[in-house]
Amino acid sequence: MAQNAKRLTVTQLPNYSPDYNLIEYLWRPTKHEATHHHYFPEFAHLVASIEKTLSTQPAQPRYVQSLFTF
């Protein structure tokens, strides 16, 4: 890095925080319902489980909205 100091700019980024990544509020319960304590013999089964869980959420707008109230 010292050899290229004239070309590089180092910027400190904040630590990872789910509070700044709002999709985490939706992803956490989705993972819990779709993947928690499940065995998926094939990747396609995992994808299908997640898609099934996500497909139910448009029918539950109040539930999804409640995830983002803080």
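Cut-offs applied
- Residues numbered from 1 in each chain as written.
- Predicted model: local features only at pLDDT ≥ 70, side-chain atom pairs only at ≥ 80, totals over all residues.
- Heavy atoms only, no water.
- Helix = DSSP H or I, 4+ residues; strand = E, 2+ residues; numbered from the N terminus.
- Expected span 1.5 Å × (residues − 1).
- Buried < 20%, exposed > 50% of the residue type's maximum accessible area, 1.4 Å probe, protein only.
- Arc of directions from axis to C-beta.
- Contact = heavy atoms within 4.5 Å.
- pLDDT = per-residue confidence, 0-100.
- Axes fitted to C-alpha atoms, helices over the stretch in contact; angles between N-to-C directions.
- Parallel < 35°, antiparallel > 145°, perpendicular 65-115°, else oblique.
- Left-handed = near helix turned anticlockwise from the far one by under 90°.
- Nonpolar A, V, L, I, M, F, W, Y, C, P; charged D, E, K, R; others polar.

Asker: Looking at this structure, I do not really get helix H2 (residues 43-56). What am I missing?
Answerer: Residues three or four positions apart in an α-helix share a direction because the helix packs 3.6 residues into each turn. Here H2 contains 14 residues, and its C-alpha end-to-end distance of 21 Å stays within 8% of the 20 Å for a straight helix at 1.5 Å per residue. Residues of H2 that are buried include every one of Ser-49, Ile-50 and Thr-53, and no others. One side of H2 holds all its buried residues, which, seen down the axis, span an arc of 90°. For H2, the exposed residues set more than 90 degrees away from the buried face come down to Glu-51, Lys-52 and Ser-55. In this structure, the buried side of H2 is in contact with helix H1 (23-34).

Asker: For this particular structure, what's the right way to read unusual backbone geometry?
Answerer: Note: most residues except glycine have negative phi, and most peptide bonds are trans. One non-glycine residue, His-37, lies in positive phi territory at about 60°. Note that His-37 resides in the loop between H1 and H2.

Asker: Would you take a moment to explain the confidence of the model for the protein chain for this structure?
Answerer: One rule of thumb: low pLDDT means the predicted coordinates there are not for detailed reading. In this model, the protein chain carries an average pLDDT of 84, and 93% of its residues clear a pLDDT of 70 or more. Ranking the elements of the protein chain by mean pLDDT puts helix H3 (residues 61-67) last with 82 and H2 first with 93.

Asker: Please explain the packing of H1 against H2 as it appears in this structure.
Answerer: In a pair of packed helices, the angle between the axes and the distance between the axes together describe the arrangement. At a closest axis distance of 9 Å, the pairing of H1 and H2 adopts a crossing angle of 125°. By the angle between their axes, H1 is oblique relative to H2. Crossing geometry of H1 relative to H2 is assigned as right-handed. Of H2, the residues touching H1 (which contributes Trp-27, Thr-30, Glu-33 and Ala-34) are Ser-49, Ile-50, Thr-53 and Leu-54. Here the residues of the contact of H1 with H2 are counted per class, giving 4 nonpolar, 3 polar and 1 charged.

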